[in-house]
Amino acid sequence: MKKLILTGLLVAGVSFAADGRAIFQSKGCASCHQVAVDTVGPSLKKIAQAYGSVDELVKYLKRQAQPKVWPEKAAIMSAQLAMIKNLSDAELKALAEFILSHK
Ligand code: HEC
């Protein structure tokens, strides 16, 4: 019984913390963004270093701020922003927090 409760708590804790990561995976962001190496898109580390705050990154994700990492390739990313336009503010915040956790 104790074990069951503990497992339940662990699962709840992990899924809460993994929210932004889950969105990142399920929206296909991972196919162009690796943690530490630049591939099709800049690495999460590079993006995290360019953004000072979650709010600032959320603005970009909502198309309310100009890109600043690789602006010359913004067209590729623009199509991806269209895919997340229906996410709630809480989901976008979790996504931004996940990206910024790679500083
Ligand atoms: C088809 C490849 C591709 C996919 C899929 C992709 N990206 Fe990107 N992303 C790029 C490229 C290329 C850039 C560089 C353009 C730029 O910096 O404006 C970029 C840049 C970014 C930036 C930095 C923007 C800036 O300030 O310059 C963020 C943040 C970002 N992507 C988040 C995401 C998220 C979140 C997802 C999933 C919803 C995603 N990307 C999916 C290719 C992709």
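Residues numbered from 1 in each chain as written. Predicted model: local features only at pLDDT ≥ 70, side-chain atom pairs only at ≥ 80, totals over all residues. Heavy atoms only, no water.

Draft legend 1. Looking closely at the coordination of the iron atom of the ligand. Note on the iron atom of the ligand: its protein donors are His33 (NE2) and Met77 (SD). The metal-donor distances range over 2.0 to 2.2 Å. Its six donor atoms give the iron atom of the ligand angles of 89 to 179° at the centre, a pattern that matches the octahedral case. Here the residue His33 occupies a position in the loop between α2 (19-26) and α3 (44-50), and Met77 occupies one in helix α5 (residues 74-83), the gap between them amounting to 44 residues. Residue Met77 is classed as partly exposed on the basis of its relative accessible area, which comes to 23%. (Donors = N, O, S within 2.8 Å, 3.2 Å for Na, K, Ca; no water. Tetrahedral: all angles 85-135°; square planar, octahedral: opposite > 155°, others 65-115°. Helix = DSSP H or I, 4+ residues; strand = E, 2+ residues; numbered from the N terminus. Buried < 20%, exposed > 50% of the residue type's maximum accessible area, 1.4 Å probe, protein only.)

Draft legend 2. Representation of the environment of Ala22 in the model. The topology assignment puts Ala22 in helix α2. For Ala22 and Ala94, which are 72 residues apart along the polypeptide, the C-alpha to C-alpha distance reads 9.5 Å.

Draft legend 3. Here's a closer look at the nonpolar core. Judged by nonpolar contacts, the single largest core of 21 residues is most densely connected at Phe24, Leu57, Leu61, Ile84, Leu95 and Ile99. Every element with two or more residues in this core is listed here: α2, α3, α4 (54-61) and α6 (89-100). Looking at which element gives the most residues to this core, the answer is α6, with six residues. In this structure, Ile84 is in contact with Lys27, Leu61, Leu92 and Leu95, ignoring residues within four places of it in sequence. (Core = buried A, V, L, I, M, F, W, Y, C linked by side-chain atoms within 4.5 Å. Contact = heavy atoms within 4.5 Å.)

Draft legend 4. Region of the structure containing the site of the ligand. Among the 24 residues in the neighbourhood of the ligand, the closest are listed as Cys29, Cys32, His33, Tyr51 and Met77. Lys68 has a polar backbone atom sitting 2.9 Å from an oxygen atom of the ligand. Take Trp70: an N or O atom from its main chain is 2.9 Å from an oxygen atom of the ligand. Counting residues per element, the ones that place at least two in the shell around the ligand are α4 and α5. By residue number, the principal contributor to the shell around the ligand is α5, which donates four residues. Here the shell around the ligand is built from residues that sort into 16 nonpolar, five polar and three charged. (Near = heavy atom within 4 Å. Polar contact = N/O pair within 3.5 Å; in protein donor to acceptor, adjacent residues only side chain to side chain. Nonpolar A, V, L, I, M, F, W, Y, C, P; charged D, E, K, R; others polar.)

Any functional reading would require information that these geometric values do not contain.
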